[in-house]
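Spelled out, the chains give:
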Amino acid sequence: IKLRTSCHRIKRSGFIMQMDFNITNSKKGLVGVVVLFVLIQTGLFVLLFDADLRLFVIVLSIVFFATCITAILAPLLFKVEVRGSNISVRTHLGKSFRINPSEITEIVFRTNYYKSRQIVMLTIRTVRGKFRINQDMNGFQQMAEYILEKLENGEISRIAVTADCKRNLSNFVTRKLL
């Protein structure tokens, strides 16, 4: 995986860990959403010429437009930026906050199954807010390694992470849990 910045590295248990990285949503599904949006809006535009349905179509078009814009913008807005011991978060709604690893109050490791595929998710809670990341996001692997590193050197409180969470994170990083 190519990362935008790679100026700070730490050697840890046989692999080199990136200390500066970004976590963003994959943009793969956005093209399909945009195409679907254009097709449905075109169909609604054609229905505008029917006088009996005009008001209904206008209201439906506005609601659909707002829903699609939200579905398109939310993944584009989300970003987690890690620079050494500073973590900057911009949520799906655009709310931004900065934290240090010591401010993390809880990390929850969860595994979901979607279409017979296992998806690992992390929910990270702090006093300032919470955010969720999953293994389909760019930079998830680096974040899992980062959390383990910060746990080992004491920057993240041991109370914030259960033994199961730590074990599952370690298994994920070493590819035992996929």
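Residues numbered from 1 in each chain as written. Predicted model: local features only at pLDDT ≥ 70, side-chain atom pairs only at ≥ 80, totals over all residues. Heavy atoms only, no water.

1. Points about helix α3 (residues 140-152)
Part 1 of the argument: Between the first and last C-alpha of α3 there are 19 Å, a value that for 13 residues agrees with the 18 Å anticipated at 1.5 Å per step.
Part 2 of the argument: Across the 13 residues that make up α3, a large majority, twelve, are buried.
Part 3 of the argument: Turning to α3, its buried residues are Phe 140, Gln 141, Gln 142, Met 143, Ala 144, Glu 145, Tyr 146, Ile 147, Leu 148, Glu 149, Lys 150 and Leu 151.
Part 4 of the argument: Directly beyond the C-terminal end of α3, a positive phi value near 85° is found at Gly 154. (Helix = DSSP H or I, 4+ residues; strand = E, 2+ residues; numbered from the N terminus. Expected span 1.5 Å × (residues − 1). Buried < 20%, exposed > 50% of the residue type's maximum accessible area, 1.4 Å probe, protein only.)

2. Quick look at the nonpolar core
Part 1 of the argument: In terms of nonpolar packing, the biggest core is built from 33 residues, with Val 80, Ile 107, Phe 131, Ile 133, Met 143 and Ile 147 touching the most fellow members.
Part 2 of the argument: The dominant element in this core, judged by the number of residues it contributes, is α3, at seven residues.
Part 3 of the argument: Residue contacts for Ile 107: discarding those within four places in its chain leaves Leu 122, Thr 123, Ile 124, Ile 147, Ile 156, Ala 160, Val 161 and Cys 165. (Core = buried A, V, L, I, M, F, W, Y, C linked by side-chain atoms within 4.5 Å. Contact = heavy atoms within 4.5 Å.)

3. Quick look at the confidence of the model for the protein
Part 1 of the argument: With 88% of its residues at a pLDDT of 70 or more, the protein shows a mean pLDDT of 84.
Part 2 of the argument: In this model residues 1-18 is a low-confidence stretch, pLDDT under 50, and it forms 34 contacts with partners more than four residues away in sequence or in other chains. (pLDDT = per-residue confidence, 0-100.)

4. Side note on the pairing of strand β8 (residues 117-126)
Part 1 of the argument: Of all the ten residues making up β8, eight are buried; the element is thus mostly covered by neighbouring parts of the structure.
Part 2 of the argument: The antiparallel pairing of strand β7 (residues 104-114) with β8 creates a hairpin that spans two residues between the two strands, and Lys 115 there sits at a positive phi of about 50°.
Part 3 of the argument: Hairpin remark: β8 followed by strand β9 (residues 130-134), antiparallel, with three residues in the connecting loop. (Pairing = 2+ DSSP bridges.)

5. Let's talk about the environment of Ile 107
Part 1 of the argument: With respect to the secondary-structure elements, Ile 107 resides in strand β7.
Part 2 of the argument: Judged by relative accessible area, Ile 107 falls into the buried class, the value being 3%.

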